[in-house]
Amino acid sequence: MKALNKMDNLDKGTLLSKLFPEELQNIQNAIEKQCDYFLQNEIAFREGWHQKGFFTAEFWYRLVENVHKSVGKNDRQLWKRPSWFADHLFDGHNSLFAVHCLIEYADTEDCNPNLKQAIHLLFGNEKLLQITSNK
């Protein structure tokens with residue numbers, strides 16, 4: 001096994017999948033909820049997007065759509081195959097959205113406390129995207 005500081009997001013996602021296979025369905029559900037949230041509020045988010053550079057609204061929504069399609073293409077059952085789960089959600093740029101979803105999920109009451117600790121250990125607890133209401 002690689003040292004933690006040598007792991008990329010795919011390595012970390014694979015490890016998380018192997019450590020918590022019983023939580024993968026809950027994680028996938030949380031990721032789907034985040035996809036739905038962003039897709040339902042797309043116009044408002046695009047209009048209020050302030051961050052420039054790498055995380056443009058266009059880039060972010062491409063990630064949301066990629067992850068949403070990956071989950072749908074696999075009949076919403078990626079969680080049944082931990083290696084597929086990691087490959088589809090934590091490889092390449094898609095991992096940015098998956099990590100965002102994990103950190104958001106870790107902040108909910110629904111998240112298993114041990115899983116929350118693992119998420120924070122592997123991915124940190126700093127949010128990748130700050131969402132504020134215009135209201």
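A brief structural summary. (Residues numbered from 1 in each chain as written. Predicted model: local features only at pLDDT ≥ 70, side-chain atom pairs only at ≥ 80, totals over all residues. Heavy atoms only, no water.)

## Quick word on the side chain of E23
With respect to the helices and strands, the residue E23 is situated in the loop between helix 1 (9–19) and helix 2 (24–40). K33 provides the closest opposite charge to the buried, unpaired E23, separated from it by 12 Å. For E23, the residues in contact, after removing those within four places along its chain, are Y105, N112 and L115. (Helix = DSSP H or I, 4+ residues; strand = E, 2+ residues; numbered from the N terminus. Buried < 20%, exposed > 50% of the residue type's maximum accessible area, 1.4 Å probe, protein only. Lys, Arg positive; Asp, Glu negative; His and termini not counted. Salt bridge = Lys/Arg side-chain N within 4 Å of Asp/Glu carboxyl O. Contact = heavy atoms within 4.5 Å.)

## What to know about the packing of helix 1 against helix 7 (residues 113–123)
Across the interface, helix 1 lies against helix 7 with an axial gap of 10 Å and an inter-helix angle of 165°. One finds that helix 1 runs roughly antiparallel with respect to helix 7. Classified by chirality, the crossing of helix 7 by helix 1 is right-handed. Contacts between helix 1 and helix 7 involve N9, K12, G13, L15 and L16 on the former and, on the latter, L115, A118, I119, L122 and F123. Of the residues assigned to the contact of helix 1 with helix 7, the class counts are 7 nonpolar, 2 polar and 1 charged. (Axes fitted to C-alpha atoms, helices over the stretch in contact; angles between N-to-C directions. Parallel < 35°, antiparallel > 145°, perpendicular 65-115°, else oblique. Left-handed = near helix turned anticlockwise from the far one by under 90°. Nonpolar A, V, L, I, M, F, W, Y, C, P; charged D, E, K, R; others polar.)

## Describing the pattern of salt bridges
Summed over the entire model, instances satisfying the criterion amount to 5 salt bridges. Its salt-bridge partner being D11, residue K2 comes within 2.8 Å of it at the nearest N-O pair. The partly exposed category is assigned to K2, whose relative accessible area is 46%. Measuring nitrogen to oxygen at the nearest pair gives 2.8 Å for the salt bridge that ties K127 to D107. On the criterion of sequence distance, the pair formed by K127 in the segment after helix 7 and D107 in the loop between helix 6 (94–106) and helix 7 is long-range, its members being 20 residues apart. Residue classification places K127 among the partly exposed positions, given a relative accessible area of 27%. Exposure remark for D107: the relative accessible area of 44% places this residue in the partly exposed category.

## Details of the packing of helix 2 against helix 4 (residues 57–73)
Across the interface, helix 2 lies against helix 4 with an axial gap of 10 Å and an inter-helix angle of 135°. Here helix 4 runs oblique to helix 2, going by the angle between their axes. Between helix 2 and helix 4 the crossing geometry is left-handed. The segment helix 2 lies against helix 4, with Q28, I31, E32, C35, D36, F38 and L39 engaging W60, Y61, V64, E65, V67, H68 and V71. When its residues are assigned to classes, the contact of helix 2 with helix 4 shows 9 nonpolar, 2 polar and 3 charged.

## Brief notes about the layout of surface pockets
Space left empty within the atom packing is revealed by a probe, the size of a water molecule, rolled over the atoms. Here the second largest pocket defines a volume of roughly 230 Å³. Residue lining of the second largest pocket: N26, N29, A30, K33, Q34, Y37, C101, E104, Y105, T108 and D110, and that is the complete set. Broken down by secondary-structure element, the contributors of at least two residues to the lining of the second largest pocket are helix 2 and helix 6. Top contributing element to the lining of the second largest pocket by residue count: helix 2, with 6 residues. Its residues assigned to classes, the lining of the second largest pocket comprises 4 nonpolar, 4 polar and 3 charged. (1 Å grid on protein atoms, 1.4 Å probe; cavity = no way out; pocket = protein on both sides within 12 Å on 5 of 7 lines; lining within 4 Å. Points joined across faces, edges and corners; volume = space filled by probe spheres on them.)

## As for helix 4
Taking 1.5 Å of rise per residue, the 17 residues of helix 4 would be expected to cover 24 Å, and the 24 Å separating its terminal C-alpha atoms lies within 8% of that figure. For helix 4, every residue scored as buried is listed here: A57, F59, W60, Y61, L63, V64, V67, S70 and V71. Buried-residue contacts for helix 4 involve helix 2, helix 3 (42–48), helix 5 (82–89) and helix 6. (Expected span 1.5 Å × (residues − 1).)

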